[in-house]
Every structure is written in structure tokens, then in C-alpha cells.
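Structural overview for review
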Amino acid sequence: QVQLVESGGGLVQPGGSLRLSCTASGSIFSISAMGWYRQAPGKQRELVATITGGGTTNYADSVKGRFTISRDNGKNTVYLQMTSLKLEDTAVYFCYIDRVLRSRVWGQGTQVTVSS
């Protein structure tokens, strides 16, 4: 079994910053891509950012220039540095990992609330 544990969510004012972390543990083999999705109330889950095993990153247009995804392969951890947060960034953020020849694993989600 593989588990993903997320941390770093919380309440922040508009313009503020947060850093999310997601660490994988258990039977981890050949992690390839890692990333983050988010889901706001009443909306579908949407891709936020991804990072491949080689370090190539991809971002949703809505977060480009404000969010940075990174990973520490030695710690099986993916990070999401969020800056210049906006009200519309409020959502539950879910991390995931992809593994070679295995199904995607999701984290439990962490709440990010941007409010004044």
C-alpha cells in the first residue's frame, strides 16, 4: 500500500503565501509524475501543476507565475509553493503520484482558504 500525506494548508489573506507538501510512503516503486489538483465547492477537480521524473513542469494558466511545483526524490515528496494567493484559489488541494505500470495514488486533500 502507498499512502500520501499532505500538509501546509490553512487560512491566508489575499496576496499571501502558502507551501503545500505531500510525502509518499509505503510500497513505492518507480514514481514518475507527481502533481497537484484542486477542487473548489461546486466545481470540478482541476489540474494545478505537474512535475515529471525529469523535472519538467506544467501549470494551469490560472496559477502560472504565482505557483511553483518542485520535488525531492530522496524524500518522495512533492511541494507546491503558492504566492500572490487570490480568493479564487480557495479549494481543497489534492496531490497525486503516478508510478510505472501502476495506478495513480491520491492524497486525502488539504484545505486552502484565501480570505480577508
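Refer to the structure printed above.
As the structure is a computational prediction, the values presented were derived from the model and not from experiment.

One finds Trp36, Leu80, Met82 and Tyr93 to be the most contacted residues of the largest nonpolar core, which totals 30 residues. Looking at this core, the elements that each hand over two or more residues are β1 (2-7), β3 (18-26), β4 (31-39), β5 (46-51), β7 (67-72), β8 (77-82), β9 (91-99) and β11 (110-114). Setting aside residues no more than four positions away along its own chain, Leu80 makes contact with Leu18, Arg19, Leu20, Trp36, Val48, Ala49, Phe67, Thr68, Ile69 and Tyr93.

Across all of its chains, the model carries one disulfide by this definition. A sulfur-sulfur separation of 2.0 Å characterises the disulfide bridge that pairs Cys22 with Cys95. A torsion of 55 degrees about the S-S bond marks the disulfide between Cys22 and Cys95 as right-handed. A residue pair is termed long-range when its members are at least 10 positions apart, and Cys22 in strand β3 and Cys95 in strand β9 qualify at 73 residues. The exposure class of Cys22 is buried, given its relative accessible area of 1%.

With that settled, consider the side chain of Arg38. Tracing the backbone shows Arg38 in strand β4. Using a relative accessible area of 4% as the deciding quantity, one classes Arg38 as buried. Among the polar contacts made by the side chain of Arg38, one reaches the side chain of Glu46 at a distance of 2.6 Å. For Arg38, the residues in contact, after removing those within four places along its chain, are Gln44, Arg45, Glu46, Val48, Ser62, Val63, Phe67, Glu88, Asp89, Ala91, Val92 and Tyr93.

Conventions used here
- Residues numbered from 1 in each chain as written.
- Predicted model: local features only at pLDDT ≥ 70, side-chain atom pairs only at ≥ 80, totals over all residues.
- Heavy atoms only, no water.
- Core = buried A, V, L, I, M, F, W, Y, C linked by side-chain atoms within 4.5 Å.
- Buried < 20%, exposed > 50% of the residue type's maximum accessible area, 1.4 Å probe, protein only.
- Helix = DSSP H or I, 4+ residues; strand = E, 2+ residues; numbered from the N terminus.
- Contact = heavy atoms within 4.5 Å.
- Disulfide = S-S within 2.5 Å.
- Polar contact = N/O pair within 3.5 Å; in protein donor to acceptor, adjacent residues only side chain to side chain.

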